[in-house]
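Chain residues, written in single-letter form:
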Amino acid sequence: MKSHWIPREMRIAPRLDPELKAGPVTPRLALLLNPFYPKDPHASFGKHVLTPTLALTSLAGATPPEWQVRYCDENLLQGPPPSSPFPQVVGITVHLTFARRAYELAAWYRERGATVILGGLHVLSCPDEAAPHGDALALGDGVQLWPVILRDIEAGTLRRVYEADYRRPYREDPAPRRDVLPRDNFLTTTSLIATRGCHNRCGFCYLSTEGLHMPYLVRDVEQVVEEFQADGQPYAVFVDNNLGSKPEYLRRLCRAMRPLEKIWSAAVTIDVTDDPSLVREMALAGCTGVFIGFESLDDGNLRDARKKTSRTADYARRVDILHQNGIQVNGSFVLGFDHDGPDVFARTVEWIERNRLECATFHILTPYPATPLFRQMEAEGRLLHKNWELYDTGHVVFRPRRMTVEQLAEGYAWCYETLFSHRSIWRRRPADWRAVPAYLAMSYLYKRSNRFWHFLIRRRLTAAVWRPLVEWTRRRHLRFRRRLAERTDAAPMPRAEAVLSAGV
Ligand code: B12
Ligand code: SF4
């Protein structure tokens, strides 16, 4: 297996100085922290600065006005998190892959006098594990809990556990505060969210976590448009699990976004193509790319996962509908399901190339704690360990049914190597030659330039270098949209020359 370049600071979290004596606690100062996680050298480093998580900006938006808020994302490679002025409260978002780091940070801040609140997906899945590491846990929707927690801290009545479900009307949430973000460090700061939940409940997805009740809720389209406009960026990434669960809502959202003349990408399921007129509306509203969880090209795997989707034999036709509307397809594929044998890797890559997917991400099947898949694997004695750091979809953490652990690990690496090779990039070039230069620029800049990404991230040059490219894309996309709007016939459009990709 080829070894990949990865600098130390992308593998190992910054050192927390055990000797450091922090200054006095600053009352009503809250620090919001996104902990470090090791990067997968097979994939693009660019995805980590594509767009920020909305967890912390949403908490910032829900913070009472008498509190000051600071934001820190350790993955921006700017060294250890801040300690001067020293915060009264530290809120840490915890996912399973960076739970250990979150606990280290929590201990470090608590030793120096801060009150530490832990929240996020992993705290909900494993509250007993998280409990000793924080002064309080937030289980569920932090937008409701965070202001209550801060008020209890002020009143000296902090409880150990706070719980909120996701049933409150979504429109009642305050807008996330994106002004707390370091704007230079991200390709775009406009992570948007319009919907919550998903009409599916796949057994491997975190949405099927025990105790997580997340009905499909939508925000008012006007709120979403206002946030998009207010952040002043030309490009937004929707971080919704599935923006297309309610097609009629998506249509309304598209119509409301169209006059903004901006571009965006989003995750949807392939059934968004059930109605090609909806795909056209997406393109006319500025959609340049979609992230689609195809998961598998085997119907048996999808059935086992309880994913309600079209037959895999129909995927190719549906990808074409997106392409005809100038929408790039970033396909997500999960490897290691029970019907997958050692031939799955070559078959998947061959399919991606044949259908000219502009981008794809691969994930080794990973049983997230408290999901049906986890319980099944545990009951069958197939889990190799519970070292959450390796539950990052880049490592094999269970015994596959139809191949060995080594075959799965090597096959995963092979898929990325093959897909990022010059040969594969060239094979997947758009059919319309006018779209080829922009496609090649995107492919080489995004996927084959990890040294360059490292340089940009460290020097905080991500926005400076990418913004002109994004603006160039937006202008080209506006021309494409005009041509698309003028066409009344059903003849295929030449592909749009998009340069960006959801990549989430
Ligand atoms: C944006 C995003 C990213 C971004 C940024 C991630 C980051 N942490 O910096 C990028 C592209 C870098 C990324 C990378 C990855 N991601 Co990601 N990502 C997302 C995505 C699409 C949106 C996150 C978001 O903004 N959600 C909206 C916020 C508002 O929801 P939330 O985080 O749950 O926060 C709410 C509550 O949990 C709570 N809360 C959260 N934190 C805190 C803290 C406190 C103090 C309090 C009070 C409350 C609280 O309040 C919030 C408001 O209700 C989610 C899917 C999703 N829609 O959530 C996946 C998701 C989080 N990613 C996931 C994964 C697996 C990854 C990767 C490992 C994938 C890969 N193989 O590369 C990588 C690497 C990250 C890692 N090693 O952990 C999984 C995590 C699964 C799990 N059980 O942990 C998710 C859920 C996707 C999925 N369907 O599987 N990701
Ligand atoms: S379709 Fe995607 S977001 Fe929806 S439940 Fe399945 S994996 Fe999760």
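Everything below is about the structure shown above.
In this text, all values refer to a predicted model and were calculated from it rather than measured experimentally. (Residues numbered from 1 in each chain as written. Chains lettered and ligands numbered in written order. Predicted model: local features only at pLDDT ≥ 70, side-chain atom pairs only at ≥ 80, totals over all residues. Heavy atoms only, no water.)

Asks: Explain the site of ligand 1 to me, and be specific about the residues and the numbers.
Replies: Residues in close proximity to ligand 1 total 35 residues, the closest being Lys47, Leu54, Thr97, Asp141 and Thr393. Between ligand 1 and Asp141 there is a distance of 2.6 Å, counted from an oxygen atom to a side-chain nitrogen or oxygen. Between ligand 1 and Tyr206 there is a distance of 3.4 Å, counted from an oxygen atom to a side-chain nitrogen or oxygen. Of all the elements in the fold, those that place two or more residues in the shell around ligand 1 are helix H1 (54-61), strand E3 (86-93), strand E4 (115-119), strand E5 (136-140) and helix H5 (142-155). Considering every element that reaches the shell around ligand 1, the biggest residue donor is H1, with four residues. Of the residues that constitute the shell around ligand 1, the class distribution is 17 nonpolar, 15 polar and three charged. (Near = heavy atom within 4 Å. Polar contact = N/O pair within 3.5 Å; in protein donor to acceptor, adjacent residues only side chain to side chain. Helix = DSSP H or I, 4+ residues; strand = E, 2+ residues; numbered from the N terminus. Nonpolar A, V, L, I, M, F, W, Y, C, P; charged D, E, K, R; others polar.)

Asks: Break down the pattern of salt bridges for me, with residues and values.
Replies: For the coordinates displayed, the defined rule picks out 37 salt bridges. Across the pair Glu74 and Arg101 runs a salt bridge whose closest N-O atoms are separated by 2.6 Å. Pair noted here: Glu74 is in the loop between strand E2 (68-73) and E3 and Arg101 is in helix H2 (residues 99-111), with a separation of 27 residues, a long-range link. With its nearest N and O atoms 2.8 Å apart, the salt bridge here joins Glu380 to Arg382. One connected set of salt bridges, linked through shared partners, spans Glu248, Arg251, Arg255, Asp275 and Glu281. (Salt bridge = Lys/Arg side-chain N within 4 Å of Asp/Glu carboxyl O.)

Asks: Could you give an account of unusual backbone geometry, with specific residues and numbers?
Replies: Geometrically, the link from Ser84 to Pro85 is a cis peptide bond, its omega value of -5° lying close to zero. For Pro85, the position within the fold is in the loop between E2 and E3. Of note, the phi angle at Arg28 is positive, near 55°, even though the residue is not glycine. Judged by its relative accessible area of 36%, Arg28 is partly exposed. One non-glycine residue with positive phi stands out, namely Arg306, at about 60°. Within the element layout of this structure, Arg306 appears in the loop between helix H9 (299-304) and helix H10 (315-324). (Buried < 20%, exposed > 50% of the residue type's maximum accessible area, 1.4 Å probe, protein only.)

Asks: Let's hear about the nonpolar core: which residues, and what values?
Replies: Ranked by size, the top nonpolar core spans 76 residues in total, and within it Phe238, Trp264, Phe294 and Phe362 carry the most contacts. Filtering out sequence-adjacent residues up to four positions away, Phe238 remains in contact with Leu192, Ala194, Val224, Leu243, Leu253, Met257, Trp264, Ser265, Ala266 and Ala267. Among the nonpolar cores identified, the runner-up in size contains 40 residues, and Tyr162, Leu187, Val237 and Ile457 belong to it. (Core = buried A, V, L, I, M, F, W, Y, C linked by side-chain atoms within 4.5 Å. Contact = heavy atoms within 4.5 Å.)

Asks: I'd like a description of the packing of aromatic side chains, backed by residues and values.
Replies: Taken as a whole and judged by the stated rule, the model has 19 aromatic pairs. Judged by centre distance (5.8 Å) and plane angle (65°), the rings of Phe204 and Phe337 are edge-to-face. Separated by 133 residues along the polypeptide, Phe204 in the loop between strand E8 (195-196) and strand E9 (217-218) and Phe337 in the loop between strand E13 (328-335) and helix H11 (344-354) bring together distant segments of the chain. With respect to class, Phe204 is no different from Phe337; both count as buried. Judged by centre distance (5.5 Å) and plane angle (65°), the rings of Phe294 and Trp351 are edge-to-face. Placement of the pair is Phe294 in strand E12 (residues 287-295) and Trp351 in helix H11, with a sequence separation of 57 residues. The burial state of Phe294 is the same as that of Trp351; both residues are buried. (Phe/Tyr/Trp six-rings, centres within 6.5 Å; stacked < 30°, edge-to-face > 60°.)

Asks: Any chance you could break down the packing of H11 against helix H13 (residues 405-419) for me, citing the residues and the numbers?
Replies: Interaxial distance between H11 and H13 falls to 9 Å at its minimum, and their mutual angle equals 20°. One way to sum up the angle between H11 and H13 is to call them roughly parallel. For H11 against H13, the interelement crossing comes out right-handed. Residues Phe345, Ala346, Val349, Ile352 and Glu353 of H11 lie in contact with H13, whose contacting residues are Gln407, Leu408, Gly411, Tyr412, Trp414, Cys415, Thr418 and Leu419. Partitioning the contact of H11 with H13 into residue classes produces nine nonpolar, three polar and one charged. (Axes fitted to C-alpha atoms, helices over the stretch in contact; angles between N-to-C directions. Parallel < 35°, antiparallel > 145°, perpendicular 65-115°, else oblique. Left-handed = near helix turned anticlockwise from the far one by under 90°.)

Asks: I'd love a proper account of the sheet that holds E3, names of residues and values included.
Replies: As summarised here, the arrangement of the six strands in space is E2-E1-E3-E4-E5-E6, forming an open sheet in which the pairing is parallel. Bordering the open sheet on either side are E2 and strand E6 (161-164), each of which pairs with just one other strand. Across the sheet, the mean angle separating the axes of adjacent strands is 20° when strand polarity is ignored. Here E4 runs beside E5; their pairing, made up of three bridges, is parallel. In the sheet register, Leu118 faces E5, and the bridge partner there is Leu137. Along the sheet, H1 makes contact with strand E1 (25-34), E2 and E3, crossing E1 at roughly 150°. (Pairing = 2+ DSSP bridges.)

Any functional reading would require information that these geometric values do not contain.
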